[in-house]
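Summary of the model geometry
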Amino acid sequence: MMNETSPQRVTVSEGRLMVSGVPGSFVQGAARPLRLEAEALQPVGGFALRESVLHDERRLEGVARVVADRLDRIGAPIAGEHLALTIRSLPESASGQRILLGIEALADGESERLAATLWLPAAAFAALREDLRQGQAGLVSLSATTNLWVADGERDSPPDRPVTWHLGVSQDGSPTPARGLVESLSWRAATPPEPEAPAEIEAAPAEEDPAETAAEALARLNWTVRQMTLVLVFLLIVIALK
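Given the structure is predicted, the values throughout are model-derived calculations rather than measurements. (Residues numbered from 1 in each chain as written. Predicted model: local features only at pLDDT ≥ 70, side-chain atom pairs only at ≥ 80, totals over all residues. Heavy atoms only, no water.)

Further remarks concern the overall build of the chain. Assigned secondary structure in the chain consists of two helices and 17 strands. Sequence separation of 24 or more characterises 69% of the internal contacts of the chain that already satisfy a separation of 6 or more. (Helix = DSSP H or I, 4+ residues; strand = E, 2+ residues; numbered from the N terminus. Contact = heavy atoms within 4.5 Å.)

Okay, here's the thing in structure tokens:
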């Protein structure tokens, strides 16, 4: 919840975000990806009329969790380790070959809850929905590059040390949504009868994993370009949904 007694002062200087009353500073562009796992997906059907245009509201809903790390928001911790997950198909006019992730904090009575939306190209959404129908998508896994914040001292944490990802905060104390570009998405049956390779969709050509130091350097080099791409694609989605 936002602090109603004393407005927080939020400043960004040289890529570091600082919030009054919160110790330390926060940065973006961590080398490691955000990893999520989701289960208990359920198909939801329907259509909605918006501005005299009929929109397809078919989606998948379930519960996701952050793998190894934690997700929170700066200035006002949100209780709970899980996110409500909604998976939707991208509009045909904006689908392309990218898989997008959005994360936000939603009001839930007197508190807030974390929620994520995954946008898939139409073909990928249809494949996931069909495998879910056949019982082959009991566990969905993804990794994504995001504009979430981490504490300055955690940006270069080794892979075996958990970090806490944070939603940013605006001047009025409300949390700012985060965006992500999904690098890989895979799913498998929750209890497969025999070992087999998971169905996998690579959202974009991925580099081989070289030494960790080289991976960190590459991630930082590409991070700004990825964020610009995310903004453009999300704008296309907004336009397509109107």
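This next bit is on the pairing of strand β4 (residues 34–44). One ladder, built from six bridges, connects β4 with strand β12 (residues 139–146); its direction is antiparallel. Bridging from a neighbouring strand, L34 pairs with A144 of β12. In terms of strand pairing, β4 meets strand β7 (residues 59–66) through seven bridges, oriented antiparallel. In the sheet register, A38 faces β7, and the bridge partner there is A64. (Pairing = 2+ DSSP bridges.)

Turning to the sheet that holds strand β15 (residues 175–176), a few remarks are in order. An order of β8-β14-β15 is seen for the three strands of this open sheet, with the pairing classed as mixed. Two strands lie at the open edges of the sheet, namely β8 (70–73) and β15, each paired on one side alone. In terms of strand pairing, β8 meets strand β14 (residues 164–169) through four bridges, oriented parallel. Along β14, the bridge assignment pairs L71 with W165.

Let's shift gears to empty space enclosed by the protein. Taken as a whole, this structure holds one cavity of 30 Å³ or more when the rule is applied. Of the pockets and cavities examined, the largest cavity occupies roughly 40 Å³. Lining the largest cavity are L36, E37, A38, A64, L85, L118, V140 and L142. Elements that contribute at least two residues to the lining of the largest cavity include exactly β4 and β12. Ranked by the residues each element gives to the lining of the largest cavity, the list is headed by β4, at three residues. Here the lining of the largest cavity is built from residues that sort into seven nonpolar, no polar and one charged. (1 Å grid on protein atoms, 1.4 Å probe; cavity = no way out; pocket = protein on both sides within 12 Å on 5 of 7 lines; lining within 4 Å. Points joined across faces, edges and corners; volume = space filled by probe spheres on them. Nonpolar A, V, L, I, M, F, W, Y, C, P; charged D, E, K, R; others polar.)

What follows deals with the nonpolar core. It is characteristic of soluble globular proteins that their nonpolar side chains tend to be buried jointly. With 39 residues, the main nonpolar core has I87, L101, I103, L118, L120 and L185 as its most contacted residues. Counting eight residues, the second largest nonpolar core, distinct from the first, contains V19, V22, F26 and V169. (Core = buried A, V, L, I, M, F, W, Y, C linked by side-chain atoms within 4.5 Å. Buried < 20%, exposed > 50% of the residue type's maximum accessible area, 1.4 Å probe, protein only.)

The element β12 is extensively covered by neighbouring structure, given that seven of its eight residues are classed as buried. Bridge count between β12 and strand β16 (residues 178–188): eight bridges; the pairing is antiparallel. Across the sheet, residue T145 finds its bridge partner in β16, namely L181.

This structure, assessed with the given rule, holds ten salt bridges. Linking R16 and D152 is a salt bridge whose minimum nitrogen-to-oxygen distance equals 2.7 Å. Placement of the pair is R16 in strand β2 (residues 16–19) and D152 in the loop between β13 (150–151) and β14, with a sequence separation of 136 residues. Residue classification places R16 among the partly exposed residues on the basis of a relative accessible area of 31%. Among the salt bridges present, the one from D56 reaches R58, with a minimum N-O distance of 2.5 Å. You can call R58 partly exposed: its relative accessible area is 38%. (Salt bridge = Lys/Arg side-chain N within 4 Å of Asp/Glu carboxyl O.)

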